[in-house]
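Observations on the three-dimensional arrangement
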Amino acid sequence: MDRSQNHCLTRSTKWLADLVVTLLLWGYYTVGFLVFFSLFYVMAYLFSKNRETSFQRLNHRFYKGFFSLVRVLAPQHKWRIDSDVSGIRSCVIVCNHVSYLDPLILISLFEKHKTIAKSSLFKLPLFGRMLRLSGYIPSTSEGKLKELMIQHIETMNDYLAAGGNLFIFPEGTRSPDGNIGSLNKGAFKIARLCRTPIKVLFVRNTDVLFRPGRFLFNACVPNTITLELIETIEPDYQSKAFSISRLMGQVHMLLSTQSSRH
Amino acid sequence: MTRDEIKTELMRIFRDVFEFKNPDPNDNLRDVHGFDSVDAIELLREIEIMLGARLSREEKEKAMDVRTINQIVDYVESLASTRS
């Protein structure tokens, strides 16, 4: 067998392994959800005194299970999650965004969490209902989502004070090349509104495991996924010198500096 | 509060709190300054401080349809008149 045949065999073996891993992960996502979680969601919906908290806890456990499975099925991907990250409470968390996996990782790390999701997702029949019940916030406040948005932002202060976290990807979308795009003000405005510290996280290489635009997980390549707490910012919101633009500039610089390393 | 006082105070809020450069009373706040619903909630808090009174949910929802500073002045003026 010559080198090109070997290479071809390796490529097809890798493709097959990726397919199997992807199918197993999607299996967990669909069948696993129905078998292991749906009953708990129904019970939380019917009987929980605080549906939002219960749904967030269930989402957290579901994705914790998902990433445990990812670690088993894709052992070449090493995970380095800063031990300080999972201890974050009562903060607005901002993070760069390179893969669809990023929000799911943060959900798997924080039992009490909220995030901002695209408004269009709230219109999806079942998924949209799940987002609402989980207390996630629509990105715009047009039409019927207006009341939901007001309600969530107004109660955010109490939610954060009770130990919850709000995580946001201020770039608004995944970065195609790892460079940090311009930041939206939303996260910083909410931090100011609630007078909370800002934790700046940096995620790396989740896009190697699940490439944007590709259906299959890239399970068979050596990779290290990292999630670091790169800064805690405690702005003096009362100060006349405080400026959202400066705060955003500071966060952008932190993320860009981190992005340029390696 | 007179209309002029309301307008002066609102212009100060837009300059100092929301960091708008040279806000014009007829600017569409969303289009020109990127004013969004989080800003609207913060503005409502400032209006509550200005009026010294809490706003009801219906009053807050009405504010979400306001687009210009002049419309906000009208809105605050009507709130002030119902409370005087």
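One can find the structure itself at the top, above this paragraph.
Anyway, here's the lowdown on the structure attached to this text. (Residues numbered from 1 in each chain as written. Chains lettered and ligands numbered in written order. Predicted model: local features only at pLDDT ≥ 70, side-chain atom pairs only at ≥ 80, totals over all residues. Heavy atoms only, no water.)

Concerning the overall build of chain A
Tallying secondary structure elements over chain A gives eight helices and seven strands in all. Its C-alpha radius of gyration of 20 Å places chain A within 12% of the 18 Å reference for a compact globule of 262 residues. For the C-alpha atoms alone, the extent of chain A along its principal axes is close to 75 × 45 × 35 Å. At a minimum sequence separation of 6, the contacts of chain A that also span at least 24 residues come to 74%. Accessible surface for chain A amounts to roughly 13400 Å². Of this, 58% is attributable to carbon and sulfur atoms. In chain A, 32 side chains carry a positive charge and 18 a negative one; their mean positions are 4 Å apart. (Helix = DSSP H or I, 4+ residues; strand = E, 2+ residues; numbered from the N terminus. Rg over C-alpha atoms; globule rule 2.2 N^0.38 Å. Contact = heavy atoms within 4.5 Å. Areas by Shrake-Rupley, 256 points an atom, 1.4 Å probe, with all protein chains shown as cover. Lys, Arg positive; Asp, Glu negative; His and termini not counted. Charge placed at Lys NZ, Arg CZ, Asp CG, Glu CD.)

Observations concerning unusual backbone geometry
Residues and elements named next belong to chain B. Phi is positive for E19, close to 60°, though the residue is something other than glycine. In this structure, E19 sits in the loop between helix 1 (3–16) and helix 2 (29–33). Relative accessible area serves as the criterion here: at 23%, E19 is assigned to the partly exposed category. In the Ramachandran plot, N22 falls in the positive-phi region, its phi being about 50° despite a non-glycine side chain. (Buried < 20%, exposed > 50% of the residue type's maximum accessible area, 1.4 Å probe, protein only.)

A look at the packing of aromatic side chains
All names here are of chain A. Counting across every chain of the model gives 25 aromatic pairs over all chains. Relative to F62, the ring of Y28 lies with its centre 4.9 Å away and its plane at 15°, an arrangement referred to as stacked. Placement of Y28 in helix 1 (residues 3–47) and of F62 in helix 2 (residues 51–73) is noted, with a sequence separation of 34 residues between them. Geometrically, the ring pair formed by F33 and F62 is edge-to-face, given 5.6 Å between the ring centres and 90° between the ring planes. With F33 in helix 1 and F62 in helix 2, this pair connects stretches of sequence that are 29 residues apart. Here F33 and F62 have matching classes, each one buried. Cation over ring: K114 sits above Y159, and NZ or CZ is 4.7 Å from the ring centre. R174 extends its terminal NZ or CZ atom over the ring of Y100, reaching a point 4.2 Å from the ring centre. (Phe/Tyr/Trp six-rings, centres within 6.5 Å; stacked < 30°, edge-to-face > 60°. Lys NZ or Arg CZ within 6 Å of the ring centre and 35° of its normal.)

Let's talk about the layout of surface pockets
Computed from the structure, the second largest pocket encloses a volume of approximately 400 Å³. For the second largest pocket, the lining is made up of 16 residues, of which Y237, Q238 and S239 of chain A together with D16 and V17 of chain B are closest to its centre. Looking at the lining of the second largest pocket, the elements with two or more residues in it are helix 1 and helix 3 (37–51) of chain B. Grouping the constituent residues of the lining of the second largest pocket by class yields four nonpolar, three polar and nine charged. (1 Å grid on protein atoms, 1.4 Å probe; cavity = no way out; pocket = protein on both sides within 12 Å on 5 of 7 lines; lining within 4 Å. Points joined across faces, edges and corners; volume = space filled by probe spheres on them. Nonpolar A, V, L, I, M, F, W, Y, C, P; charged D, E, K, R; others polar.)

Quick look at the packing of helix 3 of chain B against helix 5 (residues 69–83) of chain B
Residue and element names in this part refer to chain B. One can describe the packing of helix 3 onto helix 5 by two numbers: an axis separation of 11 Å at closest approach and a directional angle of 40°. Considered as vectors, helix 3 and helix 5 are oriented oblique to each other. Where helix 3 crosses over helix 5, the two elements pack in a sense that is right-handed. Along its contact with helix 3, which presents L43, L44, I47, M50 and L51, the element helix 5 presents I72, Y75, V76, L79 and A80. (Axes fitted to C-alpha atoms, helices over the stretch in contact; angles between N-to-C directions. Parallel < 35°, antiparallel > 145°, perpendicular 65-115°, else oblique. Left-handed = near helix turned anticlockwise from the far one by under 90°.)

A short note on the pairing of strand 2 (residues 92–95) of chain A
Residue and element names in this part refer to chain A. The alternating pattern of strand 2 places V92 and V94 on one face and I93 and C95 on the opposite face, and all of these are buried. Note that strand 2 and strand 5 (residues 165–168) share three bridges and pair parallel. Bridging from a neighbouring strand, I93 pairs with F167 of strand 5. With four bridges joining them, strand 2 and strand 6 (residues 198–204) adopt parallel strand pairing. Paired with I93 across the bridge in strand 6 is K199. (Pairing = 2+ DSSP bridges.)

Notes on the interface of chain B and chain A
On the side of chain A, 19 residues touch chain B, which itself brings 17 residues to the contact. Carbon and sulfur atoms supply 46% of the area buried between chain B and chain A, which totals about 1700 Å² over both sides. A per-residue breakdown of the area chain B buries against chain A is headed by E19, V38 and I41 of chain B, which together make up 31% of the total. Applying the counting criterion to the chain B and chain A interface returns five salt bridges. The salt bridge partner of K60 of chain B is E154 of chain A, with a shortest N-O separation of 2.7 Å. The tally of links between chain B and chain A comes to ten residue pairs in polar contact (both at pLDDT 80 or more). (Buried area = accessible area lost by both parts, 1.4 Å probe. Salt bridge = Lys/Arg side-chain N within 4 Å of Asp/Glu carboxyl O. Polar contact = N/O pair within 3.5 Å; in protein donor to acceptor, adjacent residues only side chain to side chain.)

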